[in-house]
Amino acid sequence: MVLLVVYNQAYDDCGWEIGEDVEESGCEDPKICNYCKVVYVKAEGPSDTLHYLWDFTKKPSILVAATPVKSNLSISWDQFKGGNNKSITFSEDPVYSFGIVLDKIWEYNDVNDTALMDWTNTNSSYLRALHMENFNWTLPPFMNESVANVESIDLKVVASSYIPRDSTAVSGSITLGVDLVLDRLNTNSSFTNSRFALEVLLASNDAFNTTATIVSRRSLDDEHSPGVFMLMDLRTPKAESGKGGYLQWRPVAYVAKERDLSNSTETRSYGVKNVTDHTTHLNNTLLYAYYSSNLDNFLVQSTAVSFGLKEDGFYKKTNYTSWTFMMGYGTPPDEDFSLLVIFVISIGLGLPALLTVISGIVMAVRRISQKKDDLYTDYEEEKCHSLSGLLSALHMKNVEAQYFCALMKKDYLSHMWDVEMRVEF
Amino acid sequence: MDGEFQNDSDHLMPPSEEDVELTGCAAKPCCNPTHWLYRFMALLFMSLLGFGSYFCYDIPGALQDNFISDMELTTSEFVYLYSWYSWPNVVLCFFGGFLIDRVFGIRLGTIICATLLVVGQIIFALGGVFDTFWLMVLGRFVFGIGGESLAVAQNYYAVLWFKGKELNMVFGLQLSFARVGSTVNFNVMEPLYQWVSKYYSGNMCIGVVLIIASTTCFMSLFCALFLAYMDKRAERILKRKIAQEGQVVRLTDIKDFPAIFWLISIICVAYYMAVFPFIALGKVFFERKFDFTPDNANTVNSMVYIISAVASPLLGLLVDKVGKNVFWVCISILASIGCHALLAFTFINPYVPMCLLGIAYSMLASALWPMVALVIPEYQLGTAYGIAQAVQNLGLAVITLVAGKIVDSGGYLLLEVFFLGWLCLALITSVVIWILDTNSSGLLNMTPRQREVFERNRLAVEALEREKLLASGSMSDITPHDLLQPHSDFHIRNRYLSRIGAPCSELIIDNGKQIRKSLFHEVHSRKGTQNSLSLSEQL
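Worth saying up front: this structure is predicted, and the values here are computed from it rather than measured.

### Observations concerning the overall build of chain B
Then step 1. If you tally the helices and strands in chain B, you get 23 helices and zero strands.
Then step 2. The proportion of buried residues among the 539 residues of chain B is 60%.
Then step 3. Long-range pairs, those at least 24 residues apart, make up 79% of the contacts in chain B with a sequence separation of at least 6.
Then step 4. When the accessible surface of chain B is totalled, it reaches about 20,300 Å², and 66% of it is carbon and sulfur.

This is the structure in structure tokens:
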């Protein structure tokens, strides 16, 4: 079973809406509506509108487009079903658009246990492709459809919003999260050491001779991915200026439902490579429906991520792998520490500092008032005469307390330790 | 403490016989208990005393893979070898300390602990020989009873011999020997196992290796015996024995322990939390966050121990010279907070914070533990150190479990924040100690010279009052002069007794010891800190 969970993280003030079923976008023919598995999310920002379009009809694909404000999407459903050109249009031309297609899952036979896929070795005893269009995606709001393949596919669409941590955020910080779960996936019977990898195709309206880049950077915060301090960003060329698209992920996958350190395994990425034969790969996808023949002038590349770690017993050991990536428009978000971390640190350092300052002031005040009085004060006299008071107030051994009082009476307090004295009685 | 008083303030006290007595061997430095050479010989034995315990403690860790394969253990069974050592000690080392104080005395107590160490290690080895796992666990249990109480005894001995002199350095040195013990163990056990495996295999091999390792426990036992002899001799010559009698620790005394002692215990827990459990989890942290190779990660992880082995005696010496223990404790906690913050919030090369942490840790250990001896009278020290150790064991046992859970589900950043939280608690506690101490005698933050003057004056007041007391005869008449003058607790006790009609002065003349006991009991067992040596000598 392959489970894809797609969710949107958006800022409340952006005002976004989910077209839960495609009828909102003008789908009128129930046959087509049942056939097409399209979800549409629109986010209105102050300066632009972001359109997120998810399509699971064949290959799972996601299109993100940034348009000027108040622009609308229209889909010509008949043409969309037929896989024709230009079935998706916006009322105003997008400033930027890009999309991905989850093209295929590779299964490779890792005989030498390197956890490294040889992408170029197409030998069928080594590499097998599970084409995504052969999976039967089921979108929860839609009817269940018959399962034609050995692997059944579930798609869960989760759209959630959450409270902004940074109120100055623009619509560019809306991200889309995709969880890929390979749960009890049947492995190729002739492969002894199966591992899996995901190949993702990427298209954007950058020029065809530019390239997307994968940057890995270190992050301090591993709160949501215990023990992993790396962030991987795949950025389209325009992402440098903050007006492009990105994919972001942590190089970690989990081999059990509980995403904790002991269940974590590594991922490996294989860089980006150009895709020459656009049409075969992108035919019948959202990207082709939108970009159509323009794809020849646009950037189309592919990348892959494999899951697993040397000596981990291969996929068959747990029969489970899950991995998450984020997709968004703008600059890849930097981490920020969670409230808990900030809270503990500020309390932990603030309290001792406060205590030190207060006690310093109290002591200074006391010292000044002591100096004013040549003799010991009533308070101190009282202390000297009450043994129990002394003990509790001074936490001293009896003898020390007595001696302390003796010194106070003789006004030796200010320089008591420098004078070697003998007390006379 | 009392012996030292004699040395330091001869001008206040009439010269005692002992100076004349020392002839023959005792006149030579190596046999003369007042000479530094004698004390440093004792120090050597004191340090080696713990060596066997620390060496053998980490044997399962050093041979983890071999244990698991030779004895056919699961990882959770393997962990029993440590948990059966540490969990009982949450309670037992408190009783160990108390028994040393109350029943056995320091010498016999130490010998018993060292014997338990040997017996435990032998049982552990036999468990290997006979391939019976429960016997091994039993061995670790017995070994644990001996080992932790031995640490208490070691602290006690150090205070007895070095208080007011090089005490901080001695604590540092003991710490460094402990570290050397585990380091040697980690380096020696693997080759030893390889060598033994040429002749034996499987569980026999483990058994034989453990028997060979038990020689270090025998060495500890030998040290305990020799130390007992030296201590006995020093006591006889220095007449220290009289001082130790008369005051007996009771369990109820614990509730009268000063607040500062409990605060010190809190620091023991809160600070050590952020060191030991961190090091236990550190290797993977360095591998993951800093991309270190496993070897390199191990090295940086053991930096704290390596540095503390070298730095603790030196830093102890520094604290001896400068005094101001509370100040040093605060500084080392602050430094540790800095280290953990660097590890958590930066990618700076971890060698920097780990080395700094090693120094801070050594400084803290050298400055913190001797503070207990400054706030707790000598006859309760065993109990006090026992409590501190027990509380620390409890904290470590619980937190190690919690820390593992945090890493698993919340990651290392949260773990570091967790440790920072504990360190901040330690910092608050040390600031409170500083405040309490400043508001009382200020003893903890004095320089050694100030402490000496303080102690001398304290004793001088006492001596003078005693003279006055003996001269004035009965205490039943209290003159206005008495009321105007400062009183020692001795004076006040007598006054109290005279009010309730006890014939103090006669008793004092009859039997100094007896009056002290009866006083002690009648004045509702207040913590007497009176220096009884000077009293009995006067009589």
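What follows picks up the thread again.
### Some thoughts on the nonpolar core
The tendency in soluble globular proteins is for nonpolar side chains to be buried side by side.
Then step 1. Core analysis: the largest hydrophobic core is formed by 151 residues, its most contacted members being Phe67(B), Trp161(B), Tyr271(B) and Phe286(B).
Then step 2. Broken down by element, the residue count for this core peaks at 23 residues, all from helix H17 (residues 381-439) of chain B.
Then step 3. Core analysis: the second largest hydrophobic core is formed by 65 residues, Val38(A), Leu130(A), Leu185(A) and Leu282(A) among them.

### Examining the packing of aromatic side chains
Residue and element names in this part refer to chain B.
Then step 1. One pass over the structure, following the stated rule, counts 50 aromatic pairs over all chains.
Then step 2. Aromatic pair Phe45 and Phe222: ring centres 6.4 Å apart, planes at 70 degrees, arrangement edge-to-face. Of this pair, Phe45 sits in helix H3 (residues 36-49) while Phe222 sits in helix H10 (residues 202-238), and the two are 177 residues apart along the sequence.
Then step 3. Among the residues examined, Phe45 registers a relative accessible area of 13% and is labelled buried.

### Thoughts on helix H13 (residues 276-290) of chain B
All names here are of chain B.
Then step 1. With 15 residues, H13 should reach 21 Å at 1.5 Å per residue; the first-to-last C-alpha distance of 20 Å fits that figure.
Then step 2. The principal kink in H13, of about 55 degrees, is found at Gly282.
Then step 3. Buried within H13 are the following residues: Phe276, Pro277, Phe278, Ile279, Gly282, Phe285, Phe286, Lys289 and Phe290.
Then step 4. Residue Asp291 follows H13 closely and has a positive phi angle near 55 degrees.

### A word on the UniProt feature "transmembrane region" (unreviewed entry) in chain A
Then step 1. With numbering matched to this structure, UniProt assigns "transmembrane region" (unreviewed entry) to residues 337-365 of chain A.
Then step 2. Across residues 337-365 of chain A, helical content stands at 93% and strand content at 0%; the span's end C-alpha atoms are separated by 40 Å.

### Brief notes about the environment of Gln194(B)
Then step 1. Counting through the fold element by element, Gln194(B) comes out in helix H9 (residues 167-196).
Then step 2. A sequence separation of 105 residues divides Gln194(B) from Asn89(B), and the C-alpha atoms of the two residues are 32 Å apart.

### Focus: the pattern of salt bridges
All names here are of chain A.
Then step 1. Under the definition given, this model contains twelve salt bridges over all chains.
Then step 2. Residue Asp103 is joined to Lys104 by a salt bridge in which the shortest nitrogen-to-oxygen separation is 2.8 Å. In this structure, Asp103 and Lys104 share a single accessibility class: buried.
Then step 3. Among the ionic pairs, Arg195 bridges to Asp312, the shortest N-O distance being 2.9 Å. With Arg195 in strand S13 (residues 194-207) and Asp312 in the loop between strand S19 (298-307) and strand S20 (320-329), this residue pair connects regions lying 117 residues apart in the sequence.
Then step 4. Salt bridges sharing partners connect three or more residues here, namely Lys59, Asp103, Lys104 and Glu199.

Rules and cut-offs
Residues numbered from 1 in each chain as written. Chains lettered and ligands numbered in written order. Predicted model: local features only at pLDDT ≥ 70, side-chain atom pairs only at ≥ 80, totals over all residues. Heavy atoms only, no water. Helix = DSSP H or I, 4+ residues; strand = E, 2+ residues; numbered from the N terminus. Buried < 20%, exposed > 50% of the residue type's maximum accessible area, 1.4 Å probe, protein only. Contact = heavy atoms within 4.5 Å. Areas by Shrake-Rupley, 256 points an atom, 1.4 Å probe, with all protein chains shown as cover. Core = buried A, V, L, I, M, F, W, Y, C linked by side-chain atoms within 4.5 Å. Phe/Tyr/Trp six-rings, centres within 6.5 Å; stacked < 30°, edge-to-face > 60°. Expected span 1.5 Å × (residues − 1). Bend = angle between axes of the 7 residues up to and from the residue. UniProt positions renumbered as here; feature names shortened; annotations may be inferred. Salt bridge = Lys/Arg side-chain N within 4 Å of Asp/Glu carboxyl O.

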